[in-house]
Amino acid sequence: MSKYDKLLFKILSGRSDSNVAFSELMQLLQRLEFEVRIRGDHHIFTRSDVSEIINLQPKGAMAKPYQVKQVRDLIIRYQLGDIAHD
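Residues numbered from 1 in each chain as written. Predicted model: local features only at pLDDT ≥ 70, side-chain atom pairs only at ≥ 80, totals over all residues. Heavy atoms only, no water.

Draft legend 1. Region of the structure containing the environment of Tyr 66. Here Tyr 66 is to be found in helix α3 (residues 65–77). Taking the C-alpha atoms as reference points, Tyr 66 and Arg 39, separated by 27 residues in sequence, lie 20 Å from one another. (Helix = DSSP H or I, 4+ residues; strand = E, 2+ residues; numbered from the N terminus.)

Draft legend 2. Inspection of unusual backbone geometry at higher detail. Phi is positive for Glu 33, close to 70°, though the residue is something other than glycine. Topologically, Glu 33 is positioned in the loop between α2 (22–31) and β1 (35–39). You can call Glu 33 exposed: its relative accessible area is 58%. If you check the backbone angles, Gln 79 has positive phi at about 50° while not being a glycine. Along the polypeptide, Gln 79 turns up in the segment after α3. Given the relative accessible area of 47%, Gln 79 is considered partly exposed. (Buried < 20%, exposed > 50% of the residue type's maximum accessible area, 1.4 Å probe, protein only.)

Structure, rendered in structure tokens:
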């Protein structure tokens, strides 16, 4: 299982939303083919086949738990990533 798969599984499990590094969450979204636009500390992610916009801000080096949940909900709703398709 690759680092990407482990992170995707960790997010999909929902057990450690407060323990996800912001940089890892950004890398995951970019690997899922989201485009990123940065304005100050706001990282805005869009994807042509996803109607929602993801707006993330770091809390120190970590991602905010409610934003990890938003990413999880989008991954499940749009069946993004290899594990989400199983």
